[in-house]
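# An overview of the molecular structure
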Amino acid sequence: MLLAFSFISLFYVGNAQQSYGNSTVSALFAFGDSILDTGNNNLLLSVSKVNFYPYGRDFIGGRATGRFGNGRVFSDIIAEGLGLKNLLPAYRDPYLSNNDLTTGVCFASGGSGLDPITARTTGSIWVSDQVTDFQNYITRLNGVVGNQEQANAVISNAVYLISAGNNDIAITYFTTGARRLQYTLPAYNDQLVSWTRDLIKSLYDMGARKFAVMGTLPLGCLPGARALTRACELFVNQGAAMFNQQLSADIDNLGATFPGAKFVYVDMYNPLLGLIINPQASGFIDVADACCCTPTHLIPCLDASRYVFWDVAHPTQKSYETIAPQIIENIKAKLA
């Protein structure tokens, strides 16, 4: 979960040369934080849990699945856009079906980050532990597929979607200040980019070859950040933008470091900022407040599709659906 901070399928196995659907994408694997988490925190002793009403109010059957929003989240929408499936299941869901393994699962954990302090603060699954889950997934996949070559084809042709850095900047740097004595903001951003590279290397060493790495949201414009003044926190946005710029530049140069791999940087900051600056163009009416779970909306709004944000830190399903099409086309162009 991006905690509030104040300042205040069908079972399918192809062969190693098989094209998957209309592309060469076999599966989607999601790592990182609550922008992608589809329910991995449900059984944790964590402050970052949303498996209760009103979360999931607009999900199929009105169920709270542990997704940090009113309905589907960004990883679900990317999976659908890649032609894989409409919902990306959580790997730690005890009811996860073997039928879902070959088309992808979610390892992301709300409240997590690249910095181990972030995960400890929120009681979430640190990204390195998500990689351990992925190792366990590979073992399970091999058992289901029964053929090493076919399992390797799933792993190497999958897209690895990563969303990390949001909580590190918003919580660990700006809110708790846990890293502020140790790092200047530029130095901390450098460290976050280095940790991102380490995460990519861990996945690459296990066979991953297609990476879609997301930048942060405009963190200073989250309802939790602008609760007091209703204005975006400029310095927080500058910190997020600085990180995104450094991350994007690093992603553009990783091809030489990881032979045979493909990379695309996914800009989340500017598309969401566009909705915030000009909400009416996309049918939104409120950007400063959230539909749910704030002092002004203890009772959720009637229509979440009119709001850019569902709660103090997470976009609505409609926001994700609005910005996703161009992102999906970019992922397909660069990775498929």
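We now turn to the structure provided with this report. No experiment lies behind these values; they were computed from the predicted model shown.

Moving on, we come to the sheet that holds strand β4 (residues 262-266). Spatially, β1-β2-β3-β4 is the arrangement adopted by the 4 strands of the open sheet, whose pairing is parallel. If you trace the sheet from one side to the other, it starts and ends with β1 (28-32) and β4, each paired once. Geometrically, the sheet is characterised by an average inter-axis angle of 20° between neighbouring strands, direction not taken into account. The sheet contact formed by β1 and strand β2 (residues 159-163) spans 5 bridges and is parallel. From the neighbouring strand, Phe 31 faces β2, where its bridge partner is Ile 162. Contacting β2, β3 (210-214) and β4, helix α9 (residues 317-335) crosses the sheet at an angle of about 165° to β4.

What follows covers the packing of aromatic side chains. According to the stated counting rule, one finds 24 aromatic pairs in the structure shown. Residues Phe 107 and Tyr 137 carry aromatic rings whose centres are separated by 6.0 Å and whose planes lie at 80° to one another, so their mutual orientation is edge-to-face. Here Phe 107 is found in the loop between α1 (74-81) and α2 (116-122), whereas its partner Tyr 137 is found in helix α3 (residues 127-145), with 30 residues between them in sequence. We note that Phe 107, like Tyr 137, is buried. Ring plane angle 10° and centroid distance 5.2 Å describe the contact between Phe 211 and Phe 263, whose orientation is recorded as stacked. With Phe 211 in strand β3 and Phe 263 in strand β4, this residue pair connects regions lying 52 residues apart in the sequence.

This part is about the pattern of salt bridges. Going through the model one piece at a time under the given rule, you end up with 10 salt bridges. For Asp 133, the salt bridge identified is with Arg 92, shortest N-O distance 2.8 Å. Of this pair, Asp 133 sits in helix α3 while Arg 92 sits in the loop between α1 and α2; the two residues are 41 residues apart in sequence, bridging distant segments of the chain. Among the residues examined, Asp 133 registers a relative accessible area of 9% and is labelled buried. Put simply, Arg 72, Glu 80 and Glu 321 are held in one network by salt bridges that share partners.

Here we take up the pairing of β3. Among the 5 residues of β3, 5 are classified as buried, and the element is accordingly described as predominantly covered. The two faces of β3 match: Lys 210, Ala 212 and Met 214 on one face and Phe 211 and Val 213 on the other face are all buried. Direction of pairing for β2 relative to β3: parallel, over a ladder of 5 bridges. From the neighbouring strand, Ile 162 faces β3, where its bridge partner is Val 213. In the sheet, β3 pairs with β4 via 5 bridges, with the strands oriented parallel. The partner of Lys 210 across the bridge, within β4, is Lys 262.

Remark: the empty space left among the atoms is shown by a probe the size of a water molecule rolled over them. As a volume, the largest pocket reaches approximately 410 Å³. In terms of lining residues, the largest pocket is bounded by 22 residues, among which Thr 38, Asn 42, Thr 65, Ala 90 and Asp 93 are the most central. Here the residues of the lining of the largest pocket sort into 11 nonpolar, 6 polar and 5 charged.

Quick notes on the rules
Residues numbered from 1 in each chain as written. Predicted model: local features only at pLDDT ≥ 70, side-chain atom pairs only at ≥ 80, totals over all residues. Heavy atoms only, no water. Pairing = 2+ DSSP bridges. Helix = DSSP H or I, 4+ residues; strand = E, 2+ residues; numbered from the N terminus. Axes fitted to C-alpha atoms, helices over the stretch in contact; angles between N-to-C directions. Contact = heavy atoms within 4.5 Å. Phe/Tyr/Trp six-rings, centres within 6.5 Å; stacked < 30°, edge-to-face > 60°. Buried < 20%, exposed > 50% of the residue type's maximum accessible area, 1.4 Å probe, protein only. Salt bridge = Lys/Arg side-chain N within 4 Å of Asp/Glu carboxyl O. 1 Å grid on protein atoms, 1.4 Å probe; cavity = no way out; pocket = protein on both sides within 12 Å on 5 of 7 lines; lining within 4 Å. Points joined across faces, edges and corners; volume = space filled by probe spheres on them. Nonpolar A, V, L, I, M, F, W, Y, C, P; charged D, E, K, R; others polar.

Any functional reading would require information that these geometric values do not contain.
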